[in-house]
Amino acid sequence: MASVRNCKKEYFRTSQVYYSNFCSCCPLCFYTSSYQSSIVFGNTIPLFYWHYSKKSVFKYLPPLNEHNLPYPDTIHPIVVHFVIAMVLFAVFCDLIGYFTKNPKLYEVSWWNLAFATVSIFISIIFGQIEAGLAEPYAASVSTLNVHTVLGWSLSGILAIVTAWRYVIRLQEKPQLPIPYLAASVLLAGLVCIQTYLGSLLVWVYGLHTIPVVDAIRGGLS
Amino acid sequence: MNPELLEQWGNLGINGLPYQIPIHPNLVHLTLGLFIVAIAFDIVGVLFPVEKAVFKFLAIPVTRSALFDVGWYNLLASAIVTFFTVMAGVFEVALAAPSADVTSAWGLHALETMILHGVGGVLILTLIVGMTVWRGFQRYQWRKDMARQVQWSYIAAGLFVFALMFVQGTLGAHLGAEFGVHVTADRMLQLGENPNQL
């Protein structure tokens, strides 16, 4: 453990060009940088990446590009299309279906929810990888933490709402129960908040944009 | 845009917009999500005879017509939303002030990327609306009484639009993540400021 305990931020930075210059809580050596005090699960990934790249098969991982990614562009913002659009459209169809009593829209809503539930887990996987490789600077850390916690929470909430919907659908009732509608409107609200937080990370804090990655490699922390 | 014209806005933020986050990328979630899922469910509907056993195994009751309903209503919603997506895009690209000396991963400068993305956006809007009309004719006229509601050529056209959307999306991603258009932190770095001041 002695050598691992030495993993100061600068050590990371000089010892390996790409996977080096980040600082967060490392699960192997418990080194915690000064600003990182919270539970960003994502930041554990590059540390594993770094540690394993020194020894095992992981050293064959592809190098990181100028976005600090092992592939051309961020994937998480693409996969989340299928959570945001499908949840919002499902709730929209539920509300229209409720007032127009059109059972077709209930089916549309159910299939969209089912699609969103599969997608949210895929988007969390990519979200974790990309949050981990983002090496967030101080100002962006708290937003990333809230986005991470809300994202995992939404996976549970969305799965529960979809399961609830599955049962309601099996019962073949003509109308949706009001508590279900209330829950799905709440779900849509949380999705909007989560989308807003993700937008802040990209469009305000610029995580994974080339200028910010450059600045972080140059010492921004 | 002409810097003097931009000054007439008065209270533009560092990101060059009169508000905190750009609207266009958020509407893009809806356009792409709705369109791709619409085509995906039409494909599932077309291949339904093959998948019947899978749905039975998963204990998910399913009717073929409901799958095509998803294909239709999602596409209709996508067509409507995309007008607003393009509108927001036109507004925000007009306020873009990217640096001239950067080249994207595809070897394009900001101006070329913006023009291609703009032309691509109008082209894709046209294709989505055209496909919605086509889909409507299949649903309500030509194939009204058929079990398979869409033609194979419609599915092929959908897959072609997927390819266009990939190109369009990558160009848009370059505008944000490489040229830093409307990204507050990138603008601050360009001005020599520290984004931690945010």
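Look up: the structure comes first, before these words.
Summary of the structure given here. (Residues numbered from 1 in each chain as written. Chains lettered and ligands numbered in written order. Predicted model: local features only at pLDDT ≥ 70, side-chain atom pairs only at ≥ 80, totals over all residues.)

### Side note on the overall build of chain A
(1) Moving on: Of the regular secondary structure elements, chain A holds 9 helices and 0 strands.
(2) Moving on: Along the chain direction, N to C, the helices and strands of chain A fall in the order α-α-α-α-α-α-α-α-α.
(3) Moving on: A total of 221 residues make up chain A; the buried ones form 42% of that total.
(4) Moving on: By sequence separation, contacts in chain A at least 24 residues apart represent 73% of the contacts at least 6 residues apart. (Helix = DSSP H or I, 4+ residues; strand = E, 2+ residues; numbered from the N terminus. Buried ≥ 20, exposed ≤ 12 C-beta atoms within 10 Å, placed from the backbone. Contact = placed C-beta atoms within 7 Å.)

### Remarks on the interface of chain A and chain B
(1) Moving on: Listed per partner, the contact involves 35 residues of chain A and 35 residues of chain B.
(2) Moving on: Ranked by residue count, the leading element in the side of chain A that touches chain B is helix 5 (residues 81–100) of chain A, at 7 residues.
(3) Moving on: Taken together, the residues of the side of chain A that touches chain B sort by class into 24 nonpolar, 8 polar and 3 charged. (Nonpolar A, V, L, I, M, F, W, Y, C, P; charged D, E, K, R; others polar.)

### Regarding the nonpolar core
Grouped burial of nonpolar side chains is what soluble globular proteins tend to show.
(1) Moving on: Membership of the largest hydrophobic core comes to 51 residues, with the highest contact counts inside it found for V83(A), M86(A), V87(A), A116(A) and L34(B).
(2) Moving on: Among the secondary structure elements, those contributing two or more residues to this core are helix 5, helix 6 (103–134), helix 7 (138–171) and helix 8 (178–204) of chain A together with helix 2 (24–46), helix 4 (64–94) and helix 5 (110–142) of chain B.
(3) Moving on: The contact partners of M86(A), leaving out residues within four places of it in the chain, are N112(A), L113(A), F115(A), A116(A), S119(A), G33(B) and V37(B).
(4) Moving on: Grouped together as the second largest cluster of nonpolar side chains are 30 residues, L144(A), L201(A), F179(B) and V181(B) included. (Core = buried A, V, L, I, M, F, W, Y, C linked by C-beta atoms within 7 Å.)

### Here we look at helix 3 (residues 48–57) of chain B
(1) Moving on: Along helix 3 of chain B, only 0 of the 10 residues are buried, which leaves the element largely exposed.
(2) Moving on: Trailing helix 3 of chain B by a residue or two, A59(B) shows a phi angle of about 60°, which is positive.

### Comments concerning helix 5 of chain A
(1) Moving on: Under the 1.5 Å per step criterion, the end-to-end length of helix 5 of chain A is 27 Å for 20 residues, consistent within 8% with the ideal 28 Å.
(2) Moving on: At the C-terminal side of helix 5 of chain A, K101(A) shows a positive phi close to 55°. (Expected span 1.5 Å × (residues − 1).)

### Remarks on the environment of H109(B)
Residues and elements named next belong to chain B.
(1) Moving on: Summarising the element assignment, H109 is placed in the loop between helix 4 and helix 5.
(2) Moving on: Along the primary structure H109 and F41 are separated by 68 residues, whereas in three dimensions their C-alpha atoms are 37 Å apart.
(3) Moving on: When near neighbours in sequence (up to four residues on either side) are disregarded, H109 contacts A100 and T103.

Geometric values such as these leave the question of function open.
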